[in-house]
Amino acid sequence: MPMALSERRGSIVILTLNNPEQYNALGGTVLRDLSAALDAALADSTVRAIVLTGAGKGFCSGAQLIGGSTFESGAEVGTLLRNGVSPLIEKLRGSSVPIVVAVNGPAAGAGVGIALAGDIVIAARSAKFVLSFVRLGAALDAGTSLFLQRSIGIARARALALLGEPLTAEMAETWGLIWKTVDDAALLDEALAIAQKLADGPPISLDLIKSQIEFAWGSSLGSALDNEATAQTRAFVTEDLREGAAAFVEKRPAKFQGR
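Counting restarts for each chain, with residues numbered from 1 along the sequence as it is written. Given that this is a predicted model, residues contribute local features only at a pLDDT of at least 70 and side-chain atom pairs are listed and counted only at 80 or more, while totals for whole chains, interfaces and linings are drawn from all residues. To get the side-chain values, all heavy atoms of the structure are used, and hydrogens and water are removed first.

Peer 1: I'm lost on the overall build of the chain in this one. Help?
Peer 2: Numbering of helices and strands runs from the N terminus; a helix is a DSSP stretch of H or I covering at least four residues, while a strand is a stretch of E covering at least two. If you tally the helices and strands in the chain, you get 11 helices and 9 strands. As a reference, a globule follows 2.2 Å times the number of residues to the power 0.38, and the radius of gyration itself is taken over C-alpha atoms. Over its C-alpha atoms the chain spans a radius of gyration of 19 Å, differing by no more than 12% from the 18 Å that the globule rule assigns to 259 residues. Overall, the chain is about 60 × 45 × 35 Å in size when its C-alpha atoms are taken along their principal axes. Buried means the residue's accessible area, taken with a 1.4 Å probe over protein chains only, is under 20% of the maximum for its type, while exposed means over 50%, and partly exposed covers the values in between. Evaluated residue by residue, the chain yields a buried proportion of 44% over its 259 residues. Any pair of residues with heavy atoms lying within 4.5 Å of one another is described as a contacting pair. Residue pairs in contact within the chain that sit at least 24 positions apart in sequence constitute 68% of those at least 6 positions apart. Accessible areas in this description were obtained via Shrake-Rupley with a 1.4 Å probe; residue shielding takes into account the shown protein chains only. For the chain, the computed accessible surface area is about 13300 Å², with 57% contributed by carbon and sulfur atoms. Measuring between centres, the 23 positive side-chain charges of the chain sit 3 Å from its 26 negative side-chain charges. When charges are tallied, Lys and Arg are placed among the positive residues and Asp and Glu among the negative ones, while His and the ends of the chain are skipped. Charge positions come from single atoms, namely NZ of Lys, CZ of Arg, CG of Asp or CD of Glu.

In structure tokens:
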């Protein structure tokens, strides 16, 4: 069975990390299977939103400690990251389709980076986030050195990274690391509801907004303003914009087609 499952729900695809015995650790073919499933979803023009979650009691525990080879790789670990985890993080972050991450249990190490690479992150109340790298004598990876400090500030990011202490889902919400915390039993339904709202939205607009936010992270105000003008120019020639404006005036739901 694949170590990343794909399930279609209308215009939404649910991707599920499927290594539950290891709390969805990144061993075996997890990275390869998730990347392939993500590629397939992104290649399908009828997919309008993606939900990413984990099977069993954990979201993703990072590198596999038992039965894995990561911790035997030595100096080759950099190559493994550049060929495996890093491309996946960039693919998730750069997806033209919005991604909702439903953190169903502990996210540790690289699992934190995978979770935060999504666009909207929600978590079960029982979930927690642990930058476990320091506990293993390792350095940060999977984008955590960037995601954490830009989400919650450098002081909190530094303390979480250096101490390796777990952060509860509710505190992650309070600090602004994730969008919201929900009851465990309601997690998938809530994720699907958010994904459906995104799926019903204007695809071109959503892609432009995602790209704008990414661009602005490392830009000056002038560059961000110029990028906004360029993006708005593209948006204003779409049929979706005319439909959205008409729907607003007519006080009805818009029907966006991605054109």
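Peer 1: Is there a simple way to explain the sheet that holds strand β8 (residues 167-168) in this structure?
Peer 2: Strand pairing in a sheet is mediated by backbone hydrogen bonds. Such pairs are either parallel or antiparallel. Note on pairing: two strands pair once DSSP finds at least 2 bridges between them. Here we have 3 strands laid out as an open sheet, ordered β5-β7-β8, and mixed in their pairing. Looking at the sheet topology across the chains shown, the edges are occupied by β5 (107-108) and β8.

Peer 1: Looking at this structure, I do not really get the nonpolar core. What am I missing?
Peer 2: If you look at soluble globular proteins, the nonpolar side chains tend to sit buried side by side. With 50 residues, the main nonpolar core has L52, F59, V103, I114, F129, L148 and L177 as its most contacted residues. When residues of this core are assigned to their parent elements, the largest contribution, 6 residues, is made by helix α1 (residues 30-43). What we call a nonpolar core is a set of buried Ala, Val, Leu, Ile, Met, Phe, Trp, Tyr and Cys residues that are connected through their side-chain atoms within 4.5 Å.

Peer 1: Can you walk me through the pattern of salt bridges in this structure?
Peer 2: Where charged atoms from two side chains of opposite charge approach closely, those side chains can pair. Salt bridges are counted wherever a side-chain nitrogen of Lys or Arg sits within 4 Å of a carboxyl oxygen of Asp or Glu. Enumeration according to the criterion identifies 12 salt bridges in this entry. The partner of D33 in a salt bridge is R32, and the shortest N-O contact between them spans 3.7 Å. Through salt bridges with shared partners, one network takes in R125, E170 and D183.

Peer 1: Help me understand the packing of helix α5 (residues 144-152) against helix α6 (residues 154-163) in this model?
Peer 2: Each pair of packed helices gets described by two things: the angle between the helix axes and the distance between those axes. The interhelical angle for the contact between α5 and α6, taken along N-to-C directions, is 135 degrees, at an axis separation of 7 Å. Comparing the axis directions of α5 and α6 gives the class oblique. As for the relative orientation of α5 and α6, their crossing is right-handed in sense. In this structure, α5 uses L148, Q149 and I152 to contact α6, whose residues at the interface are I154, R156, A157 and L160. Axis geometry follows a simple rule: fit a line to the C-alpha atoms, using only the stretch in contact for helices, then measure angles between N-to-C directions, giving values from 0 to 180 degrees. Each angle is binned into one of four classes, with values under 35 degrees roughly parallel, values over 145 roughly antiparallel, values of 65 to 115 roughly perpendicular, and all other values oblique. By definition, any crossing whose near helix is turned counterclockwise from its far helix by less than a right angle is left-handed, and any crossing with a clockwise turn is right-handed.

Peer 1: So what exactly am I meant to see when it comes to the environment of A186 here?
Peer 2: Its place among the elements puts A186 in the loop between β9 (180-182) and α8 (187-199). Owing to a relative accessible area of 34%, A186 belongs among the partly exposed residues under this scheme. Between the C-alpha atom of A186 and that of G28, which follows or precedes it by 158 residues, the distance is 30 Å.

Peer 1: I keep staring at the pairing of strand β4 (residues 99-103) and nothing clicks. Help me out?
Peer 2: If a strand is regular, its side chains alternate between the two faces of the sheet. Burial analysis of β4 places 5 of its 5 residues in the buried class, which makes it a mostly covered element. The sheet contact formed by strand β3 (residues 49-54) and β4 spans 3 bridges and is parallel. For V51, the partnering residue across the bridge sits in β4 and is V100. With 4 bridges joining them, β4 and strand β6 (residues 120-124) adopt parallel strand pairing. Directly across from V100, in β6, lies its bridge partner I120.

Peer 1: Is there a simple way to think about the pairing of strand β2 (residues 12-17) in this case?
Peer 2: With 6 of 6 residues buried, β2 lies mostly within the body of the structure. Side chains I12, I14 and T16 project from β2 onto one buried face, and the interleaved V13, L15 and L17 project onto a second face that is buried too. Relative to β2, strand β1 (residues 4-9) is paired through 6 bridges, and the arrangement is antiparallel. Looking across to β2, one finds that R9 is bridged to I12. In terms of strand pairing, β2 meets β3 through 6 bridges, oriented parallel. Along β3, the bridge assignment pairs V13 with I50. Between β2 and its parallel partner β3, the chain crosses via α1, and the hand of that crossover is right-handed. When the strands point away from the viewer and the path from the first strand over the helix to the second turns clockwise, the crossover is right-handed.

In short, shape yes, function no, at least from these values alone.
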